[in-house]
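Remarks on the overall topology
Listed below, chain by chain, are the residues.
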Amino acid sequence: MTFFTPSARQSSRRSGRIGREQRRWGYLFLTPWLIGIVLFYLVPFVASFWFSLVDFNLANPEDTHYVGFANWKRALFEDPNVYESFGVTFTFAAISLPLGMGFALMLALLLNSKSVRGKALLRTLFYMPTMIPLVAAVLIWGGVLNEQTGWVNILLENVFGIQALGVNGVRWFASTRLIYFTLTFIGLWGVGNTMLITLAGLQSVPTDLYEASELDGAGFWQQLVHITLPMISPVLFYNLVLGVIGLMQYFLIPWVLNGGSGFPDGRTNFAGVYFFLQSFKFFNMGYGSTIAWLIFLVALLLTLVLFGSARYWVYYAGGEN
Amino acid sequence: MASQQQFLSGKQVQLLRSIGLTLFTLVILTIFLLPLAYGVMTALKTDSQLGAIGAPWYPASPVIFEYEGKEYDVYQVEIDGSMQNLALVKKGREASEFVDPANPEAGIIPWEGRWRQLEQAWVFDPVWENFITAWNTIDFPRLLGNTVFYAVLSTIGAVSSASLVAYGFARYDFPGRNSLFMLVMATIILPPSVTLIPTYAFFHNIGWVGTWWPLIVPQFFANGYNVFLLRQFFLGIPRALDEAAMIDGAGHFRIFWSIILPQARPALLAVTLFHFFFAWNDFFGPLIYLAGNPDSYPITVGLDGFKGLYEQMDNLIQAASLTAALIPLLVFFFAQRVFMQGVVITGVEK
């Protein structure tokens, strides 16, 4: 990771007129961000923890009292919705992350293959749905997966002979077994960025590795497992970290589908949705802050676990970094 | 494999593989874009086609035939072993009378059977007015105006502030620079919810909830993602250019403005597009800050509300969704190169 500029190590302690000027102008250019980080990150971050210790409700702010860790006790021991919402989030992550990343990898492999024609056009077309506003994408998918009138069920019924229409048919939005796959499919329309990043990773793998392995008689799958995947593991790692953090605040798709009802059977009551309901529907800002902090702590923990695991499976060609 | 090589030369094998893989990719693409085709087709359907049983998948309306001053529905009828489209002029339980629209002079054609089991004949008939209806019902000009207002103002703020800050990080040497840059990175992965409630309460107290300001003003204080992307790009611009300008007596802002910014045009364009689309698609921010103030809604929130009101009118929902997608898609097709390069810069350089 190239976080640091080379000159940083040499001297950040230059003295004299040049050093002073560097400092003055450096901070001057940073001013917008320095103000922003204090106003919109540091203060709210600390304040949000303070909020979790009071029973602040925006509907009647005068009644706010310090309640100690009562909100935390409620979230961790008394409110079953909290556990349920994190469980739902993890279950969904276990399904959608592998499918989403696998799909992106498959597209990237195809778009990197010598044998596929028209790659520039294909890349554009696979990227295109990423540009459709997600709210619109959810509505379009809601139509195509409609249990009675959607094309998917009509095709399944009439072309593939599967009983898809009707009450005993394939109920994309009402079935507790299917709903996470449905949500994953809708999410696949946003595959563009992951696909492009993975593709750039594939393009940076030195071709002589493949040539050498071909001489040794390696086939496609052997090359994939022993060369491609290790060589692009930093990219997969990056996608995984972003994916996990994104899922911790998964909100828009379930919200547009069912307005936070959790349908079917609470399976779409994600942590991000529950946070929104408590904070901005019931205006329990104290309790909402507690849930926000839980989301933050879980995301932090997962990120640390991922970074800790990285040295076992992420390969940096330039050595450890 | 061995037997294959006997019949096919290496070139032929490669050609077959090329055809096979390209076809495979095209099949995936077709499935991938199927919902879009559904959206287009459904957006053009009449209201009555939506719930009709036996209606075709493309926009169509039932064929009507006018016979002796009256309108009759046309059905697909099997006569003498061949299917014909005939107008049903007299309905009967077990036998009915038809007229051939292609040859009405031939007169009444009697038919034995139950007309209720016949399928109606449909003719391709796209209803372009659905787009106009959706446009007016959802009050699209107002939503579009709000969205453009938000996207343009916040993009100006985001790009100008991020480029200043990125320049500071890329070109100046000051104590704490690396720690501060780690903080920039930390803000990228910090879940926004953990700072949201106090921020919301603050904007509530100063009376800004219900206006666009809580969404626009913070953008003028440099977002970590944009700073990161621009700094990466600025680092790649040779320092010799700044130094030459400095020797010529250019000041700090002058170097930033006339040396760095022109060199960084692709990155600036990428950040501009990213932020523009972020603002265009933003749902969560407007949802909480503009709640209860429909006059200020952007397209995303308006579309969500529209869905709630017109749940049964899938043709209008699809027309509205496609209309909302049109501008981002157009911009994408014109600027796709810059856009996709920008994605790669953010993902690979880390």
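Residues numbered from 1 in each chain as written. Chains lettered and ligands numbered in written order. Predicted model: local features only at pLDDT ≥ 70, side-chain atom pairs only at ≥ 80, totals over all residues.

1. Quick notes on the overall build of chain A
Stated precisely, the cut-off is as follows: Secondary structure elements are taken from DSSP: a helix is a run of H or I of four residues or more, a strand is a run of E of two residues or more, and numbering for both begins at the N terminus. Only the C-alpha atoms count toward the radius of gyration. The rule for a globule is 2.2 Å times the residue count to the power 0.38. Buried residues are those with 20 or more other C-beta atoms within 10 Å of their own C-beta, exposed residues have 12 or fewer, and partly exposed residues lie in between; C-beta atoms are placed from the backbone. Contact definition: two residues whose C-beta atoms, as placed from backbone geometry, lie within 7 Å.
The number of helices and strands found in chain A is 15 helices and 0 strands. In terms of overall dimensions, chain A is more spread out than a globule: its C-alpha atoms have a radius of gyration of 25 Å, far above the 20 Å expected for 321 residues. Oriented by its inertia axes, the alpha-carbon framework of chain A measures out at about 70 × 65 × 35 Å. Per-residue burial over chain A gives 38% buried out of 321 residues. In chain A, the proportion of contacts linking residues at least 24 apart, taken out of those at least 6 apart, comes to 67%.

2. Re the overall build of chain B
Of regular secondary structure, chain B possesses 15 helices and 8 strands. Relative to its length of 350 residues, chain B is extended, with a C-alpha radius of gyration of 31 Å against a globular reference of 20 Å. Counting only C-alpha atoms, chain B reaches 100 × 75 × 40 Å along its principal axes. In chain B, buried positions account for 40% of the 350 residues.

3. Observations regarding the interface of chain A and chain B
The cut-off we apply is this: Residues were grouped as follows: Ala, Val, Leu, Ile, Met, Phe, Trp, Tyr, Cys and Pro as nonpolar; Asp, Glu, Lys and Arg as charged; and all remaining residues, including Gly, as polar.
Chain A puts 80 residues into the contact, and the matching count from chain B is 77 residues. The residue inventory of the side of chain A that touches chain B, partitioned by class, reads 57 nonpolar, 20 polar and 3 charged.

4. Remarks on the domain arrangement of chain A
We count it as follows: Either an automatic procedure or a domain database provided the assignment from which the domain bounds are taken.
What the domain assignment lists for chain A is domain 1 (9–51) and domain 2 (79–313). If you average the C-alpha positions of domain 1 of chain A and of domain 2 of chain A, the two centres end up 37 Å apart.

5. Observations concerning the confidence of the model for chain A
Worth spelling out the cut-off: A residue's pLDDT is the confidence the predictor assigns to it, expressed on a 0 to 100 scale.
The share of residues in chain A with pLDDT of 70 or more is 94%, and the mean pLDDT across the chain is 90. When the criterion is pLDDT under 50, residues 1–12 of chain A qualifies, and its contacts beyond four places in sequence or with other chains add up to 13 contacts.

6. Quick word on the domain arrangement of chain B
One frequently used descriptor of interface size is the decrease in accessible area upon assembly of the parts. Along its sequence, chain B is organised into domain 1 (2–43), domain 2 (64–120) and domain 3 (138–348). Summarising the inter-unit geometry, the C-alpha centres of domain 2 of chain B and domain 3 of chain B are found 62 Å apart.

7. Focus on the nonpolar core
Heads up, the condition is: Among buried residues, those of type Ala, Val, Leu, Ile, Met, Phe, Trp, Tyr and Cys that are joined through C-beta atoms within 7 Å form a set called a nonpolar core.
If you look at the biggest cluster of nonpolar residues, it comprises 153 residues, and the most contacted ones within it are A:Ile295, B:Val165, B:Val227 and B:Leu230. A per-element tally of this core places helix α5 (residues 140–171) of chain B first, with 13 residues. When near neighbours in sequence (up to four residues on either side) are disregarded, A:Ile295 contacts A:Met248, A:Gln249, A:Ala271, A:Phe275, B:Pro191, B:Ser193 and B:Val194. B:Tyr72, B:Tyr75, B:Val77 and B:Leu88 belong to the second largest nonpolar core, which has 15 residues in total.

8. Looking at the packing of helix α2 (residues 16–51) of chain A against α5(B)
Working note: a packed helix pair is described by the angle between its axes plus the distance between those axes. To keep it simple, the criterion reads: Helix axes are fitted to C-alpha atoms over the stretch in contact, other axes to C-alpha atoms as well, and angles between N-to-C directions run from 0 to 180 degrees. Take the far helix as your reference; a near helix turned counterclockwise from it by less than a right angle gives a left-handed crossing, and one turned clockwise gives a right-handed crossing.
Two elements in contact, α2(A) and α5(B), have axes whose closest approach is 7 Å; the angle formed by their N-to-C orientations is 145°. Here α2(A) runs over α5(B); the crossing is left-handed. Side by side, α2(A) and α5(B) meet where A:Gly26, A:Phe29, A:Leu30, A:Pro32 and A:Trp33 of the first sit next to B:Ser161, B:Leu164, B:Val165, B:Tyr167 and B:Gly168 of the second. Considered class by class, the residues forming the contact of α2(A) with α5(B) number 7 nonpolar, 3 polar and no charged.

9. Let's talk about the pairing of strand β4 (residues 82–90) of chain B
Residues and elements named next belong to chain B. Keep this limit in mind: Strands are labelled as partners when DSSP assigns at least two bridges between them.
Sheet topology places strand β3 (residues 70–79) next to β4; 6 bridges connect them, and they run antiparallel. What sits directly across from Glu78, in β4, is Met83. Joining the antiparallel neighbours β3 and β4 is a turn of 2 residues, in which Asp80 adopts a positive phi near 55°. With 3 bridges connecting them, β4 and strand β5 (residues 95–99) associate as antiparallel partners. What sits directly across from Leu88, in β5, is Phe98.

10. Some thoughts on unusual backbone geometry
Residue and element names in this part refer to chain A. The omega angle of the peptide bond from Phe263 to Pro264 is -5°, so this bond is cis rather than trans. Along the chain, Pro264 falls in the loop between α13 (252–258) and α14 (271–281). Located in the positive-phi region is Asp265, a residue other than glycine, with phi close to 55°. Position of Asp265 among the secondary structure elements: in the loop between α13 and α14. A positive phi is found at Phe283, a non-glycine position, where the angle reads about 55°.

11. As for helix α2 (residues 10–43) of chain B
The line we're drawing: Multiplying one less than the number of residues by 1.5 Å gives the expected span of a helix. We define the bend at any residue as the angle between the axes fitted to the seven residues before and including it, ending there, and the seven starting there.
Spanning 34 residues, α2(B) covers 49 Å between terminal C-alpha atoms, matching the ideal 50 Å at 1.5 Å per step. Helix geometry: α2(B) is bent most strongly at B:Leu33, by close to 45°, with proline B:Pro35 lying one to four residues after it.

12. Looking at the environment of A:Gly118
With respect to the helices and strands, the residue A:Gly118 is situated in the loop between α4 (80–112) and α5 (119–127). A:Gly118 sits 19 residues away from A:Ala137 along the chain, and the two C-alpha atoms are 26 Å apart.

13. Here's the deal with the environment of B:Glu105
Residues and elements named next belong to chain B. In this fold, Glu105 is placed in the loop between β5 and β6 (108–112). Taking the C-beta count within 10 Å as the criterion, Glu105 has 6 such neighbours and is therefore assigned exposed. Sequence-wise, Glu105 and Pro141 are 36 residues apart; in three dimensions their C-alpha atoms are separated by 52 Å.

14. Considering the pairing of β3(B)
All names here are of chain B. As defined by bridge partners, strand β2 (residues 64–67) adjoins β3 across 4 bridges and the pair is classed as antiparallel. Paired with Ile64 across the bridge in β3 is Asp73. If you look at the hairpin formed by β2 and β3, you'll find 2 residues sitting between the two strands, and Glu68 has a positive phi there, around 50°.

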